[in-house]
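# Coordinate analysis (summary)
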Amino acid sequence: MADTNGIAQGKFAGHVTTKRTVSKVSRRVGAKSKRVGLVRSIVREVAGLSPYERRILDMIKIGGVSVDKRVYKFAKRRLGSHKRALAKREQIKSVHSAMR
């Protein structure tokens, strides 16, 4: 049944309008293309690590008790979210392993 019938009173009161179709959000949003990945890797090679990333790398190099936890807490404070902190920790670990 129609949502409105054009009459001012009753269950379906209101001006008759046509429903708008709302498009779905694309699943591609946020996906990284080859070009973007290439550019980011070149920038990483040229610019190197940022100061806070270097500090994380030093923490990993020094080691000690519960390094992962300290690195996570530091990264979370700098980056603002749990997910980003975990991703950054793994990224810097991979940089460290590549350097060895």
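Residues numbered from 1 in each chain as written. Predicted model: local features only at pLDDT ≥ 70, side-chain atom pairs only at ≥ 80, totals over all residues. Heavy atoms only, no water.

## Thoughts on a positive patch on the surface
Residues Arg55, Lys69, Lys73, Arg77 and Arg78 make up a contiguous surface patch of positive charge. With 4 residues, the top contributor of residues to the positive patch is helix α3 (residues 67-79). The residue Lys73 is located in helix α3 in this model. (Patch = residues over 30% accessible without salt bridge, like charges linked within 9 Å, V, L, I, M, F, W, Y side chains within 5 Å. Areas by Shrake-Rupley, 256 points an atom, 1.4 Å probe, with all protein chains shown as cover. Salt bridge = Lys/Arg side-chain N within 4 Å of Asp/Glu carboxyl O. Lys, Arg positive; Asp, Glu negative; His and termini not counted. Charge placed at Lys NZ, Arg CZ, Asp CG, Glu CD. Helix = DSSP H or I, 4+ residues; strand = E, 2+ residues; numbered from the N terminus.)

## Quick word on the environment of Asp58
Examined against the element boundaries, Asp58 turns out to sit in helix α2 (residues 51-62). Judged by its relative accessible area of 42%, Asp58 is partly exposed. Sequence-wise, Asp58 and Val71 are 13 residues apart; in three dimensions their C-alpha atoms are separated by 9.9 Å. (Buried < 20%, exposed > 50% of the residue type's maximum accessible area, 1.4 Å probe, protein only.)

## Here we look at helix α4 (residues 82-99)
Between the first and last C-alpha of α4 there are 26 Å, a value that for 18 residues agrees with the 26 Å anticipated at 1.5 Å per step. Where the residues of α4 are buried, they touch α1 (34-47), α2 and α3. (Expected span 1.5 Å × (residues − 1). Contact = heavy atoms within 4.5 Å.)

## Topic: α2
Its 12 residues place the ends of α2 17 Å apart at the C-alpha level, agreeing with the 16 Å of an ideal helix rising 1.5 Å per residue. The set of residues buried in α2 consists of Tyr52, Glu53, Ile56, Leu57, Met59 and Ile60. Down the axis of α2, the buried set is contained in an arc of 155 degrees. They therefore lie on one face. Along α2, the residues that are exposed and aim more than 90 degrees away from the buried face are Pro51 and Ile62. Along its buried surface, α2 packs onto α1, α3 and α4. Gly63 occupies a position one or two residues after α2 and carries a positive phi of about 75 degrees. (Arc of directions from axis to C-beta.)

## Some details on the packing of α3 against α4
Packing of α3 against α4 brings their axes to within 8 Å, and their N-to-C directions diverge by 125 degrees. Relative to α4, the element α3 lies oblique. Classified by chirality, the crossing of α4 by α3 is right-handed. Only His82, Arg84, Ala85, Leu86, Lys88, Arg89 and Lys93 of α4 make contact with α3, whose side of the interface consists of Asp68, Val71, Tyr72, Ala75, Lys76 and Leu79. Grouping the amino acids of the contact of α3 with α4 by side-chain chemistry returns 6 nonpolar, 1 polar and 6 charged. (Axes fitted to C-alpha atoms, helices over the stretch in contact; angles between N-to-C directions. Parallel < 35°, antiparallel > 145°, perpendicular 65-115°, else oblique. Left-handed = near helix turned anticlockwise from the far one by under 90°. Nonpolar A, V, L, I, M, F, W, Y, C, P; charged D, E, K, R; others polar.)

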